[in-house]
Amino acid sequence: MAQLSDVAVEVTDLAKSYGFVVALKSVNFRIESGRYFVLLGPSGGGKTTLLRLIGGFIRPTRGRVLLHGRDVSDLPPNKRPTSMVFQSFALFPHMTVAKNVGYGLRIRKLPVSEVLERVGDMLEMVGLTGLGDRMPHELSGGQQQRVQLARSLVLETDILLLDEPLAALDAKLHKSMCIELKRLQEKVGITFIHVTHNQEEAMTVADDMAIIASGELVEAGKAIDLYENPVRRFTADFIGENNIFDGPVTKIDGAEVTIDLGYGTATANSRGQSVQVGDEASISVRSERLRMFDADDRGKESFQYLSATHMETVYLGLTTSELVMLPDGKEVMVRRLSDGVEGTGFTRGEEVRVGWQKADGRFHTS
Amino acid sequence: MRDDYSSELGHKLKWAYLLSIVFALLAPVFYVIYISFNEYGFGARIYEFTTDWYRVVLGDTMLVASLEWTIYLAVGAVATTIPMGLMSAKLYKRTRHKVGFVTLMLSPLFVPADILASSLLVFFKHLSGAFEWLGGALGQGWLQTWFELGFLTALIGQIIYTLPYAFVVILITMSRYHPQQTEAARGCGANAWQAFWQVEFPQIKAGVFSACAFVVILSFNEATRTALLKGGFDTFSNVLVSQMLNVGMSEESYAMGGIMSIVSMTVIGSLIIYTLIRSERLERVARAKAEPLMSG
């Protein structure tokens, strides 16, 4: 694939409407070749529409889709260098596993011996050797999903589209398939575009990620950047467990921006975002970066603090969450690793302080 | 369906009631078939088995011709109605205006047969007149005479009559089909026809074949529309009805009735057996799904 463009997918001004309903507004982005790209967002946000537009299953209302530099906007799915994995497995129930996997190869009229060889190799790759004669209904959900993967991967297309591929699996299988998908992508080295609303799934597999909501591309970038340093408030709110403080900008001191919360102030680095005093802005802090202190704790210089009331302690196994209420009635979550001791010493209704390192606050203007 | 607390007697009574209804409905049909094999016909004290009446019927050139026309009509109706029913069912699944669409498709069923037939007759007569005028105006003789009552008009009447049934029967089977399979096939490189023929059709063929059988039966049973819309030919039902109206029931009439009943019951019986075998297979599939052989 050396001759192919390094950009596997490029969409420009891509939009889709159904009558008056706008499913996808103008979207622009690129996906580099050989990356595991995740489209993450809430249900009904337009991510599946975007994936189906890339696959050619629906026609765009406006805009272009370029795959490896070639404009495929007007081509049907069978003419595009893509294959797709569906949430509902979509296996052909009247064909055996081997026939399902070899379907695309038979369509290409490859010699029977080659079809058999490639199907065998692919079944081995997805761990289904010996199950080729089974009918799809004789397999478990996880096995059916692997058949679907094999059916797509055997075609050796440049781009694999995955539409909520793990949504129908139980929690344990979901986790193991997540890791298996990532391993498979690294093995075959092609571009994977994976749609999900599950952020844990997204974080497990993604090299790059785009947040799609309300038909818009909210933010795109490397998965770790979106988690650690989201630019948009929506991203901070959607990925991870973030506490978001909103208020007008009251002070700008170089890169330091202070917002007024009504009961206190919060300061964060503007990260180059243009802002003026009086603008509405937000600061987000991940729950695992928040700490809870006694009300009379003197604190540290590098921290900033807000007064709060302790509400509840929720033991979640690996972590324990503390729910506290701010003076304006807003609840924030403080999360820490469980230490095997029940409770935290704080009682319900006790006055406390929550604080975070100034560097852990992320400033958002939109 | 029984529950653990239902009464055994009540269950038996329900079955007795059901069988008595079926018996009451089918008894006259079997009686006609029974008489049709009697040498001495209806009302005779003596019963002597014979197939002579069938031989007479099948030796009657007019009756054989009517049988042939009926078969042509059935084949024509199947060839036209089934693709139309299939396309309509596919369109129904895609359209957002389902209520309006299904009302339109089923509307011929809400019009009594006589009214529909006479309306079509008037329409075709006017259409024929229009072509006659047009042919005259254009100086094209063939155009003046090409559209007259005949096989085509009878077939159109038959299509209007059978299409709603074909549509419903196919739609029922199609409702079990998940369209993502078509997309999966397209994603594997299949064009629209390959995806339909290799993936969708094998899964809906039971409905398509049932619709074919249904259309054939309706073609054999239909008399009113064809009586008004046919040209210079008769269908089997037309001959049977006119014979009954003109000369009453004869031994030949019983044999003709017997032929129609045997054809219909054979087709329906085959369908029922096929459906039972299929549902047994689907049940096995469902059981296998509920208890996967392997996990992980």
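Structure first, text after, so check above.
Thresholds applied
Residues numbered from 1 in each chain as written. Chains lettered and ligands numbered in written order. Predicted model: local features only at pLDDT ≥ 70, side-chain atom pairs only at ≥ 80, totals over all residues. Contact = placed C-beta atoms within 7 Å. Helix = DSSP H or I, 4+ residues; strand = E, 2+ residues; numbered from the N terminus. Buried ≥ 20, exposed ≤ 12 C-beta atoms within 10 Å, placed from the backbone. Axes fitted to C-alpha atoms, helices over the stretch in contact; angles between N-to-C directions. Parallel < 35°, antiparallel > 145°, perpendicular 65-115°, else oblique. Left-handed = near helix turned anticlockwise from the far one by under 90°. Nonpolar A, V, L, I, M, F, W, Y, C, P; charged D, E, K, R; others polar. Pairing = 2+ DSSP bridges. Core = buried A, V, L, I, M, F, W, Y, C linked by C-beta atoms within 7 Å.

Colleague: Account for the interface of chain A and chain B, with residues named and values stated.
Modeller: Each partner contributes to the interface: chain A provides 25 residues, whereas chain B provides 23 residues. Counting only elements with at least two residues in the side of chain A that touches chain B, the list comes to strand S6 (82–85), helix H2 (97–107) and helix H4 (141–153) of chain A.

Colleague: Summarise the environment of Thr-196 of chain A; cite the residues concerned and give the values.
Modeller: Residue and element names in this part refer to chain A. Mapped onto the secondary structure, Thr-196 falls in strand S8 (residues 191–196). C-beta crowding within 10 Å serves as the criterion here: with 25 such atoms nearby, Thr-196 is assigned to the buried category. Sequence spacing of Thr-196 and Pro-165 is 31 residues, and the spatial spacing of their C-alpha atoms is 8.0 Å. If near-sequence neighbours (up to four positions away) are discounted, Thr-196 is found in contact with Val-38, Leu-40, Glu-164, Glu-201 and Ala-202.

Colleague: Could you give an account of the packing of H2 of chain A against H4 of chain A, naming the residues involved and the relevant values?
Modeller: Residue and element names in this part refer to chain A. As a packed pair, H2 and H4 sit with axes 7 Å apart at the nearest point and diverge in direction by 30°. In terms of orientation, H2 and H4 fall into the roughly parallel class. Crossing handedness for the pair H2 and H4: right-handed. Of H4, the residues touching H2 (which contributes Val-97, Asn-100, Val-101, Tyr-103 and Gly-104) are Val-147, Ala-150 and Arg-151. Considered class by class, the residues forming the contact of H2 with H4 number 5 nonpolar, 2 polar and 1 charged.

Colleague: Residue-level account of the sheet that holds strand S1 (residues 7–18) of chain A, with values.
Modeller: Residues and elements named next belong to chain A. Ordered in space as S2-S1-S4-S5, the 4 strands form an open sheet in which the pairing is antiparallel. Whereas interior strands pair on both sides, the edge strands pair on one side only; in this sheet they are strand S2 (21–32) and strand S5 (70–71). Where strand S4 (residues 62–67) lies against S5, 2 bridges are found, and the strand directions are antiparallel. Bridging from a neighbouring strand, Leu-66 pairs with Asp-71 of S5.

Colleague: So, the environment of Glu-351 of chain A: which residues are in play, and what are the values?
Modeller: Residue and element names in this part refer to chain A. Turning to its location among the elements, Glu-351 is positioned in strand S19 (residues 351–357). Under the C-beta neighbour-count criterion, Glu-351 is labelled exposed, with 12 such atoms within 10 Å. Among all residues touching Glu-351, those that are not within four sequence positions of it are Ala-295, Ser-307 and Thr-309.

Colleague: Report on the nonpolar core, specifying residues and quantitative values.
Modeller: Of all hydrophobic cores here, the largest spans 80 residues; its most connected members are Leu-39, Val-101, Ala-150, Leu-161, Ile-193, Met-209 and Ile-211 of chain A. Excluding its chain neighbours within four sequence positions, the residues that come into contact with Met-209 of chain A are Val-38, Leu-40, Ala-202, Ala-220, Gly-221, Ala-223 and Leu-226 of chain A. With 47 residues, the next largest nonpolar core counts Leu-73, Phe-124, Ile-217 and Ile-259 of chain B among its residues.

So far we have only geometry, and geometry alone does not tell us how the molecule works.
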